[in-house]
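# Architecture at a glance
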Amino acid sequence: MVVALVEPELDPLQLTRFLVTAEAAGVPLQLVLSKADRLEPEALAAWVERLGPWGYDPLPVSSLSGQGVAALRSRLAKNSCGGGIAVLCGPSGVGKSSLLNALVPGLALRVAAVSGRLQRGRHTTRHVELHALEQGGGLMVADTPGFNRPALPPDPLQLASAFPEIRQRLEKGGCRFANCRHLDDPGCRVGIDWWRHSLYRRCLEEIESSSQLTRRAQGGTRQRGGREEPLLQAQWRHASRRLGRQELAGELSPPDPEDSTPGPP
Ligand SMILES: Nc1nc2c(ncn2[C@@H]2O[C@H](COP(=O)(O)OP(=O)(O)O)[C@@H](O)[C@H]2O)c(=O)[nH]1
Ligand SMILES: [Mg+2]
Ligand SMILES: [Zn+2]
């Protein structure tokens, strides 16, 4: 997973969405912080320290200066145990193609300047490409087109298990209730004293509001105080209504590799 430290600026919520999606693939994940040449050493160290507890061993790299490239090459080779495929994924414009060029000398993939006010890349990579990594023990590396807002899994349990922080806290036993939402609930063993807890909460709320909206759109009922009641139009008028609709629209639209729809990232 490649994410830029600057241009586009690192967005912890967006990065979390990418990581949650990648977790679903069930493969080892390496977090790569690109464009390290653009930050002072102190700012770089602060990001590494902040992202360390997320559980993906963040590695700062720069395709420009070469910092971290050899380290990444050996980490990829080590994880692949003689063969296999590593996939570079992440938002557009973070430098995936540049990094692959640095990893595989002589490759010369097309790279685009980050465009415009939104600081998105221009999607010069239009399909998945596989390249052999020299000294990589038969490892192939794939470049992918970026897309900027992966969908979250529909199931809250699946969301929770996509957070290494939660998995680690549940290693010694589960919460009191099997369907615990890990939001300061009684008997919860996860707790809220971890940095990404607020991001987990936002993802969970998004999933829950989408599934509520889906049920309402299907004209269903909802549980309230232990009984089913029909859904009323007025219930749309929650504080989160606007957000909920937006998120739902985001979830239902198919992934668009060109990401051509204008709007906030
Ligand atoms: N300063 C700096 N810029 C970089 C680095 N890697 C990529 N870039 C720039 O970021 C932009 C997007 O790069 P690209 O590789 O096309 O990103 P991709 O969309 O993730 O494949 C280009 O303008 C690159 O020159 C880096 O390590 N340092
Ligand atoms: Mg690219
Ligand atoms: Zn819990």
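Here, every reference points to the structure presented above.
What comes next is a walk through the structure. Because the structure is predicted, anything quoted here is derived from the model rather than measured.

The next subject is the sheet that holds strand 4 (residues 85-88). If you walk across this open sheet you meet the 3 strands as 4-6-5, and the pairing is mixed. Strand pairing shows two members of the sheet lacking a second neighbour, strand 4 and strand 5 (129-132), which therefore form its edges. For this sheet, the mean inter-axis angle between neighbouring strands, taken without regard to orientation, is 25°. In the sheet, strand 5 pairs with strand 6 (residues 140-143) via 4 bridges, with the strands oriented antiparallel. Looking at the pairing, His131 lines up with Val141 of strand 6. Relative to the sheet, helix 4 (residues 96-103) contacts strand 4, strand 5 and strand 6, its axis offset from that of strand 6 by approximately 155°.

The next thing to look at is the packing of aromatic side chains. Counted under the stated rule, the structure contains 4 aromatic pairs. Relative to Tyr200, the ring of Trp194 lies with its centre 6.2 Å away and its plane at 35°, an arrangement referred to as tilted. The exposure class of Trp194 is buried, given its relative accessible area of 7%. Since its relative accessible area comes to 1%, Tyr200 is described here as buried. Members of the aromatic cluster, joined through ring pairs, are Phe163, Trp194 and Tyr200. In this structure, Arg196 packs its charged tip against the face of Trp54, placed 4.4 Å from the ring centre.

Okay, the coordination of the zinc ion (ligand 3) next. The coordination sphere of the zinc ion (ligand 3), as far as protein atoms go, consists of Cys175 (SG), Cys180 (SG), His182 (ND1) and Cys188 (SG), spread over 2.1 to 2.3 Å. Around the zinc ion (ligand 3), the 4 donor atoms are arranged such that angles at the metal cover 101 to 113°; this shape is classified as tetrahedral. As a motif over one chain, the donors of the zinc ion (ligand 3) read C-x4-C-x1-H-x5-C. The burial state of Cys175 is the same as that of Cys180; both residues are buried.

A word on the environment of Val32. Topologically, Val32 is positioned in strand 2 (residues 32-34). Placed 28 residues apart in sequence, Val32 and Pro60 show a C-alpha to C-alpha distance of 5.9 Å. Among all residues touching Val32, those that are not within four sequence positions of it are Met1, Val2, Val3, Leu59, Val61, Leu72 and Leu99.

The next point concerns the pattern of salt bridges. Considering all chains together, one arrives at 8 salt bridges under this definition. Among the salt bridges present, the one from Glu206 reaches Arg17, with a minimum N-O distance of 2.9 Å. Of this pair, Glu206 sits in helix 7 (residues 197-217) while Arg17 sits in helix 1 (residues 12-23), and the two are 189 residues apart along the sequence. Between Glu23 and Arg167 there is a salt bridge, and its shortest N-O distance comes to 3.0 Å. Pair noted here: Glu23 is in helix 1 and Arg167 is in helix 6 (residues 164-169), with a separation of 144 residues, a long-range link. According to the relative accessible area criterion, Glu23 is buried, its value standing at 17%. Salt bridges linked by common partners bring Arg17, Arg149 and Glu206 together as one network.

Rules of the game
Residues numbered from 1 in each chain as written. Chains lettered and ligands numbered in written order. Predicted model: local features only at pLDDT ≥ 70, side-chain atom pairs only at ≥ 80, totals over all residues. Heavy atoms only, no water. Pairing = 2+ DSSP bridges. Helix = DSSP H or I, 4+ residues; strand = E, 2+ residues; numbered from the N terminus. Axes fitted to C-alpha atoms, helices over the stretch in contact; angles between N-to-C directions. Contact = heavy atoms within 4.5 Å. Phe/Tyr/Trp six-rings, centres within 6.5 Å; stacked < 30°, edge-to-face > 60°. Buried < 20%, exposed > 50% of the residue type's maximum accessible area, 1.4 Å probe, protein only. Lys NZ or Arg CZ within 6 Å of the ring centre and 35° of its normal. Donors = N, O, S within 2.8 Å, 3.2 Å for Na, K, Ca; no water. Tetrahedral: all angles 85-135°; square planar, octahedral: opposite > 155°, others 65-115°. Salt bridge = Lys/Arg side-chain N within 4 Å of Asp/Glu carboxyl O.

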